[in-house]
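Fold and contact review
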Amino acid sequence: MIFNTMIVHLKKFIPSFCKLDNLGKIQTKLVRYNSSQSSPRILEQLKNKSLLRVRGNEVLIFLQGLITNDMKHFEEGAANLYALFLNTKGRVMYDVIIYRSQEDNVYYIECDSQAAESLQKHLKMYRVRRKIDIDYLEDSVNVWAFFDPIQHMNNKHINNRQKLEGLIFPCGTLNNKVSKIVDNIMIYEDPRLSDLGIRILAASEIERHKIIKHLNSNALDSANHLSYKAFRYKLGVPEGIEDLPPGKPLPLEVNCDYLHGVSFHKGCYIGQELTARTYHTGVVRKRLMPLLFNEVPNKSFSYDEKIINETGNVVGKFRGIENQYGLGLMRINDSLNAQSLTISNIKLKVSKPIWWPQELQKQIVSVNKTE
């Protein structure tokens, strides 16, 4: 069995619990969702996701030197965390979610399936002589997302012209402590945003209806509703090599800091120099932002295709699309202040995600102070 019974704390999506008394010494809680309390959630298997298992006494130290986030969060009780692996030039190679297992010194790394083997090679290259096992679990574990498709955004946020120059914020966590699991089903709160719902790791032989039994008997299928990818784009959240081609994106431009994925206070890690220099410079003027088309475009767009304003100036570059929702790397102020935006003569709108940090003096990291 890949998974042992674990306990997960789910604040927002799972309001009620009932005790199970037959799971041995660990008394876990079975999650059930009361459909009368909110809109139906969607449960979708993320078929483009895979897991690596990393285990050994030196795992924490090993990963600490490779990722943007701080592995010490696990010592403080975190159940999982979001992080990036960078190359030596400070560009994003892989975006991952790292999960702590109940077993000592065992962690699972969720990554894009197309990048799993190359990430495994990357880890083995830097393992050197450490006694660490790095296993690609391939098809033995499935990754699922359980989310509310209408909870977060509505039309009132479109054309939000509130100014935010891209000030850099320190990393943090959602205080997601160790979570819950039953029958080879591991349930975690998404470490990036509470609006992204929960992540579920389940042995591949476990069918969808068995997962629903532990979550929500009325869970919808994304085949007939908003897909997880469209939902992410609606929020403005990138994921996987399609959105983050290895070796191209910069961590802060893809909102790694806003998504609790980078520490500016930990020790050295591969690719840190450019990220730290940007942090100390103070402002990121281009960031990934959600795009909205009035209807599903009847043509495809290329990666990096130009997005222009009413004067013909380039204010952004296209990154991805799913149905009428897209992602663009946008000049924040220029795009929010534009009277109109087009890509290949097709009109679109851009919005500032409401989950971005607010411009509160107590939260802003000011790097423009004079000594």
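My aim in this report is to walk through the structure given alongside it, one point at a time. Every chain begins its residue count from 1, and numbering advances along the sequence as written. Since the coordinates come from a predicted model, pLDDT governs what is reported: local features require at least 70, and pairs of side-chain atoms require 80 or more to be given and counted, while whole-chain, interface and lining totals use all residues. Hydrogen atoms and water are omitted, and side-chain values are computed over all heavy atoms in the structure.

1. Observations regarding the pattern of salt bridges
Let me state the cut-off plainly: Any carboxyl oxygen of Asp or Glu within 4 Å of a side-chain nitrogen of Lys or Arg constitutes a salt bridge here. Secondary structure elements follow DSSP: runs of H or I of four or more residues count as helices, runs of E of two or more count as strands, with numbering from the N terminus. Relative accessibility decides the category of a residue: with a 1.4 Å probe and only protein chains considered, values under 20% of the type maximum give buried, values over 50% give exposed, and everything between is partly exposed.
Tallying each qualifying case throughout the model produces 17 salt bridges. Residues R55 and D133 are paired through a salt bridge, measuring 3.9 Å at the closest nitrogen-oxygen approach. With R55 in strand β5 (residues 49-55) and D133 in strand β9 (residues 133-136), this pair connects stretches of sequence that are 78 residues apart. For R55, a relative accessible area of 33% corresponds to the partly exposed category. Between D243 and R232 there is a salt bridge, with the nearest N and O atoms lying 3.1 Å from each other. With a gap of 11 residues between them, D243 in helix α6 (residues 240-243) and R232 in helix α5 (residues 228-235) connect regions that are remote in the sequence. Using a relative accessible area of 3% as the deciding quantity, one classes D243 as buried. Each member of the salt-bridge network shares a partner with another, and the members are K49, E110, D190, R192, R199, R232, E239 and D243.

2. Some remarks on the nonpolar core
Filter applied, for reference: Side-chain atoms within 4.5 Å are what join buried Ala, Val, Leu, Ile, Met, Phe, Trp, Tyr and Cys residues into a set we call a nonpolar core.
Ranked by size, the top nonpolar core spans 63 residues in total, and within it L201, L291, I307 and W355 carry the most contacts. Within the second largest apolar cluster, 25 residues are counted, among which are V54, A83, I109 and L123.

3. Remarks on the sheet that holds strand β8 (residues 106-112)
Adjacent strands of a sheet pair through backbone hydrogen bonds, lying either parallel or antiparallel. Keep this limit in mind: Any two strands with at least two DSSP-identified bridges between them are counted as paired. Angles here are taken between N-to-C directions and fall from 0 to 180 degrees, while the axes themselves are lines fitted to C-alpha atoms, restricted in helices to the stretch in contact. The contact criterion used throughout is that any non-hydrogen atoms of two residues lie within 4.5 Å.
The antiparallel open sheet is built from five strands, whose spatial order is β6-β7-β8-β5-β9. Edge strands, defined here as strands with exactly one partner in the open sheet, are β6 (80-86) and β9. Between one strand axis and the next, the sheet turns by 25° as a mean value, whatever way the strands run. Taken together, the seven bridges between β5 and β8 define a ladder with antiparallel strand orientation. Its bridge partner lying in β8, L52 is registered against I109. Most of the contacts of helix α3 (residues 116-127) go to β9, to which it runs at about 170°, and overall it touches β5, β6, β7 (92-100), β8 and β9.

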